[in-house]
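Read off the chains here:
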Amino acid sequence: MLLSSNGSRERTWTILEILQWTTGHLTEQGIETARLDAEVLLAHSLGMSRLDLYLNYEKPLLPEERAAFREYVKQRAGERIPVSLLIGEREFWSLDFKVTRDVLTPRPETELLVSSALDHMSDENRCYSVLDIGTGSGAIALSIATERPQAQVVATDVSAPALKVARENADQLQLNGRVRFEEGSLFDAVPGERFDLVISNPPYVAGAERSTLARELEHEPELALFAGEDGYAVLRPLIAGVGSALNDGGLFLVELDPRQAEPVASWCKEVGLTDIRILHDLAGQARAVSARKGSSSPNESSGKEQKQEPSS
Ligand SMILES: C[S@@+](CC[C@H](N)C(=O)[O-])C[C@H]1O[C@@H](n2cnc3c(N)ncnc32)[C@H](O)[C@@H]1O
């Protein structure tokens, strides 16, 4: 027991007890990731790692520590603010990204896009040119730049505030100068340029589905989520223009909603891209489409003239 400021006796809570209580509370509020959220918020408010929490289960919390944590829990449960926004960061590709309300919090499923990109950039010494359209926090571009130090990466976004966050992340990850940031819509940001890889996680949620979405999404930028009433307002012009932005043998990789995979794959075929594949996540969900310009991989095309296949 501790004496509170008004002299009354307060119950002492250990780390384990408060985690158990908060997990129950968040679960009652319908939050599926209750235990994880409780751990991340408590670790953040105590300035500890999650591992430190496990090592200090019996440690009692000071009243001021509990008060700070209680505030986070209130915002998580009541206003449905995502944990990433409460603590201002999110791990992606084992790197720490700053996140604010100006950017989409990077999602684990987007790591599929990064790993597919790296598979295609298998020659670690080659200077692949990469364009990340709609970079948001910079998650994709900065992960690729980390893994492929020789790559020339350009990251674009139509949102100036998002680009500011991406630049800050580049600084924080000491990748400043390794990635060029350009503001503009789709290919307008890089007129006339061509790349070995064009990668994008564009907005693809249908406006018509707005009322069915998790409340957490209300705290993320409209521009990052919604793409017209049918969800294709950005995907359509992206696919229409990507052929002109790719080098021969270059690869296009795009994330999408599982229901969009088939139509997007067939549009890629219509614009003359080849080797079209639907990529699935570990749960078997279609999460991305990859397609190539011409018939060979960027590794094979290095320094060679490529014959382009006729559009189908
Ligand atoms: C789904 S978020 C992806 C953010 C980040 N790449 C990621 O995977 O976490 C989509 C991003 O595309 C940007 N965006 C929306 N429309 C765009 C357009 N027409 N041209 C370029 N970027 C656009 C948004 O501002 C947002 O940052």
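Look a little higher up for the structure.
This write-up is about the structure you can find in this document. (Residues numbered from 1 in each chain as written. Predicted model: local features only at pLDDT ≥ 70, side-chain atom pairs only at ≥ 80, totals over all residues. Heavy atoms only, no water.)

Of all the residues in helix α11 (residues 261-270), the buried ones are Ala261, Val264, Ala265 and Cys268. Considered in projection along α11, the buried side chains sweep an arc of 100 degrees and stay on one side of the axis. Turned more than 90 degrees off the buried face of α11, the exposed positions are Glu262 and Glu270. Looking at the buried side of α11, the elements it contacts are α10 (235-245), β9 (246-255), β10 (274-280) and β11 (286-292). Glycine 272 occupies a position one or two residues after α11 and carries a positive phi of about 95 degrees. (Buried < 20%, exposed > 50% of the residue type's maximum accessible area, 1.4 Å probe, protein only. Helix = DSSP H or I, 4+ residues; strand = E, 2+ residues; numbered from the N terminus. Arc of directions from axis to C-beta. Contact = heavy atoms within 4.5 Å.)

A few words now on the side chain of threonine 105. Among the secondary structure elements, threonine 105 is positioned in the loop between β4 (95-98) and α6 (111-120). Of the residues examined, threonine 105 reaches a relative accessible area of 3% and is grouped as buried. Of note is the side chain of threonine 105, whose polar atom sits 2.8 Å from the side chain of serine 84. Ignoring anything within four residues of it in the chain, the contact list for threonine 105 reads Ser84, Arg90, Val99 and Glu220. (Polar contact = N/O pair within 3.5 Å; in protein donor to acceptor, adjacent residues only side chain to side chain.)

Quick look at the pairing of β11 now. Most of β11 is tucked away, with seven of its seven residues classed as buried. Here β9 runs beside β11; their pairing, made up of five bridges, is antiparallel. Residue pairing across strands places leucine 251 opposite arginine 292, the latter belonging to β11. For β10 and β11, the ladder comprises five bridges, and the chain directions are antiparallel. Bridge assignment links arginine 277 to a residue of β11, and that residue is serine 290. (Pairing = 2+ DSSP bridges.)

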